[in-house]
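Chain by chain, the residues run as shown.
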Amino acid sequence: MKILPYIGFCFLMLCAFCTGINSYHRTKSMIAQDVNRALEQVLAKMPDNVVTTDTIRCYRNCLTIAELKDTAGIAMRTVRRDGRLETKLVAEANCSFATTFMMSDQKASGSILFVGMLWLLGSLWYVRRNRPELIVQGLSYGGIVFNNDMFMTQSGEQIHLTPMQHSLLKMFITADTHTLSKQDICDQLWPKKPDANDTLYTLIRRIKPIIEANSMLKIESDRGKSYSLKIK
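These lines cover the structure that appears in this document, whether it is placed above or below. (Residues numbered from 1 in each chain as written. Predicted model: local features only at pLDDT ≥ 70, side-chain atom pairs only at ≥ 80, totals over all residues. Heavy atoms only, no water.)

**Digging into the overall build of the protein**
Here is step 1 of the chain: A count of helices and strands for the protein gives seven helices and eight strands.
Here is step 2 of the chain: Computed over C-alpha atoms, the radius of gyration of the protein comes to 38 Å, more than 25% over the 17 Å expected from 2.2 N^0.38 for 232 residues, which places it beyond the range of a compact globule.
Here is step 3 of the chain: Referenced to the eigenvectors of the C-alpha coordinate spread, the extents of the protein come out at roughly 110 × 40 × 35 Å.
Here is step 4 of the chain: When burial is assessed residue by residue, the protein has 32% of its 232 residues classed as buried.
Here is step 5 of the chain: Taking as baseline every contact in the protein between residues at least 6 positions apart, the subset at least 24 positions apart corresponds to 49%. (Helix = DSSP H or I, 4+ residues; strand = E, 2+ residues; numbered from the N terminus. Rg over C-alpha atoms; globule rule 2.2 N^0.38 Å. Buried < 20%, exposed > 50% of the residue type's maximum accessible area, 1.4 Å probe, protein only. Contact = heavy atoms within 4.5 Å.)

What follows is the structure, encoded as C-alpha cells:
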C-alpha cells in the first residue's frame, strides 16, 4: 500500500504528458492544414509555378493562424511520380517544436500536472506521517534506545557518538533517576585526573545538541553539582 500514492502520481504525470503531446499534434495538424489551404488559394489565383514576392505576400495573407504569417513560406520540391521526376510547390510552416508547443493549448495538461504535484506533496506528507516506527528492543528513555551497547533513536537509526560521549550517555541511561553528580562522572570517566571539571564541561556542551537532535531529552545542570537527563 505504500507504493500506491506514487503509482497515482505516475498515472497523473502520464496523463499530463499524453494530453500535452495530443494537443501538440493537434496544433501541428492545424498548422499543416492552414498552410496547405493557403497554398491552394494562392495557386487558384496564380496558377503559374513561379514564386514571387507577390506570391508569398498573397500566401501569407491567406493564412488564418497569425503566428505563421512571419515564418511560413513556399518551397519548390522535386518528387517522383509514375517513374518521372516532377517539381511541385509545397507549403512550409517553418515552425520549431517550441513554437508549435507554445501555440498548442496546454491548459489541460498543465492542470493535470498541477494536480499531480499536489498529489505528490500530499503523498509524501501522508507516508511520512503514517510511517510506522521501528520497534527496538532495549532500554528506552525519552526517544533514545540503548541496546547491545549501542544508542539508537526510536525508529532504529543509530546515534553516532564519540567513545567518551557514549560512556557518559550510558551512565545517564542506566542510572535509576537519570541524574549523575559531577564527582561520579569525573571518577568514572577520568579516574586518574585530579580536576576534570573543564573536561566535563566541554563533554556536556558537545553532547547536548546530539541528544536534543535525536530525542525528546535534554541535559540540565543543578547548580554545578549534578547533571540530569530529562524529558523536554
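That shown, we press on.
**Some remarks on the packing of aromatic side chains**
Here is step 1 of the chain: One pass over the structure, following the stated rule, counts three aromatic pairs.
Here is step 2 of the chain: In this structure an aromatic cluster arises from ring pairing among Tyr-24, Phe-97 and Phe-101. (Phe/Tyr/Trp six-rings, centres within 6.5 Å; stacked < 30°, edge-to-face > 60°.)

**As for a nonpolar patch on the surface**
Here is step 1 of the chain: Taken together, the side chains of Phe-114, Val-115, Leu-118, Leu-121 and Leu-124 present a nonpolar region at the surface, about 500 Å² in accessible area.
Here is step 2 of the chain: Within the secondary structure, Leu-124 sits in helix α4 (residues 107-129).
Here is step 3 of the chain: Assessed through its relative accessible area of 41%, Leu-124 is described here as partly exposed. (Patch = residues over 30% accessible without salt bridge, like charges linked within 9 Å, V, L, I, M, F, W, Y side chains within 5 Å. Areas by Shrake-Rupley, 256 points an atom, 1.4 Å probe, with all protein chains shown as cover. Salt bridge = Lys/Arg side-chain N within 4 Å of Asp/Glu carboxyl O.)

**What to know about helix α2 (residues 53-61)**
Here is step 1 of the chain: For α2, the full list of buried residues reads Thr-55, Cys-58 and Tyr-59. Across the axial projection of α2, the buried residues extend over an arc of 100 degrees, all falling on one side. Away from its buried face, by an angle of more than 90 degrees, α2 presents the exposed residues Thr-53 and Asn-61.
Here is step 2 of the chain: Elements that come into contact with the buried residues of α2 comprise α1 (4-45), β1 (73-81) and β2 (84-92). (Arc of directions from axis to C-beta.)

**Considering the sheet that holds strand β5 (residues 150-153)**
Here is step 1 of the chain: Strand order in this open sheet of three strands is β3-β4-β5, and the pairing throughout is antiparallel. This sheet does not close on itself; its edge strands, each paired only once, are β3 (139-141) and β5. Taken over all neighbouring pairs, the strand axes of this sheet differ in orientation by 25 degrees on average, direction set aside. (Pairing = 2+ DSSP bridges. Axes fitted to C-alpha atoms, helices over the stretch in contact; angles between N-to-C directions.)

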